[in-house]
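Next come the chains, spelled out residue by residue.
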Amino acid sequence: IRLEAYADETIVSVYPNPASDKVHLSFKTGHEIQGNLDIRLIDQLGKPVGRPIFATVNGLTHELTIPLPRARLASGLYYLIVRAPDYIYRLPLVISR
């Protein structure tokens, strides 16, 4: 399953969903993005899980692979928070062990 969020002309996708060990994050924009991404995984209570990931983007399309912290994640619903230069995206992510 591919989950997508839309903001302006931007499509943010996270897949596979459910995931077990890693997810792929895809940005497709109608305009060029330049800047830093701050990517965090949080649980249903808003508590951060694992370390944040930082990435620099420049262009119209971006693909990132995000490893998931295996040892500390139980199966369940989490959220991938992506802070981009112009938007903040909150994408639900199901972890299946």
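Here's a quick rundown of the structure. (Residues numbered from 1 in each chain as written. Predicted model: local features only at pLDDT ≥ 70, side-chain atom pairs only at ≥ 80, totals over all residues. Heavy atoms only, no water.)

1. Considering the environment of Leu93
Line of reasoning, step 1. By the secondary structure assignment, Leu93 is in strand S6 (residues 88-95).
Line of reasoning, step 2. Under the relative-accessibility criterion, Leu93 is labelled buried at 0%.
Line of reasoning, step 3. Here the alpha-carbon distance between Leu93 and Val14, two residues 79 residues apart in the chain, equals 8.0 Å.
Line of reasoning, step 4. Look past the residues within four positions of Leu93 in its chain and what remains in contact with it is Val14, Pro16, Asn17, Ala19, Val23, Leu41, Leu68, Gly76, Leu77, Tyr78 and Tyr79. (Helix = DSSP H or I, 4+ residues; strand = E, 2+ residues; numbered from the N terminus. Buried < 20%, exposed > 50% of the residue type's maximum accessible area, 1.4 Å probe, protein only. Contact = heavy atoms within 4.5 Å.)

2. Comments concerning the side chain of Asp38
Line of reasoning, step 1. You can see Asp38 is positioned in strand S3 (residues 22-42).
Line of reasoning, step 2. A polar contact of 2.9 Å, which involves the side chain of Asp38, links it to the side chain of Arg40.
Line of reasoning, step 3. Beyond its immediate chain neighbours, meaning those up to four positions away, Asp38 contacts Pro52, Ile53, Phe54, Ile81, Val82 and Arg83. (Polar contact = N/O pair within 3.5 Å; in protein donor to acceptor, adjacent residues only side chain to side chain.)

3. Quick notes on the pattern of salt bridges
Line of reasoning, step 1. Applying the stated criterion across every chain, the model contains two salt bridges.
Line of reasoning, step 2. Between Arg40 and Asp38 there is a salt bridge; the shortest N-O distance is 2.9 Å.
Line of reasoning, step 3. Between Asp38 and Arg83 there is a salt bridge, and its shortest N-O distance comes to 4.0 Å. With Asp38 in strand S3 and Arg83 in strand S5 (residues 76-83), this pair connects stretches of sequence that are 45 residues apart. (Salt bridge = Lys/Arg side-chain N within 4 Å of Asp/Glu carboxyl O.)

4. Observations regarding the nonpolar core
Generally speaking, a soluble globular protein has its nonpolar side chains buried in company with each other.
Line of reasoning, step 1. Counting residues in each nonpolar core, the largest one holds 24 residues, and the members touching the most others are Leu25, Phe27 and Leu80.
Line of reasoning, step 2. Among the secondary structure elements, those contributing two or more residues to this core are strand S2 (10-15), S3, strand S4 (48-67), S5 and S6.
Line of reasoning, step 3. Examining the composition of this core, we find that seven residues originate from one element, S3, more than from any other. (Core = buried A, V, L, I, M, F, W, Y, C linked by side-chain atoms within 4.5 Å.)

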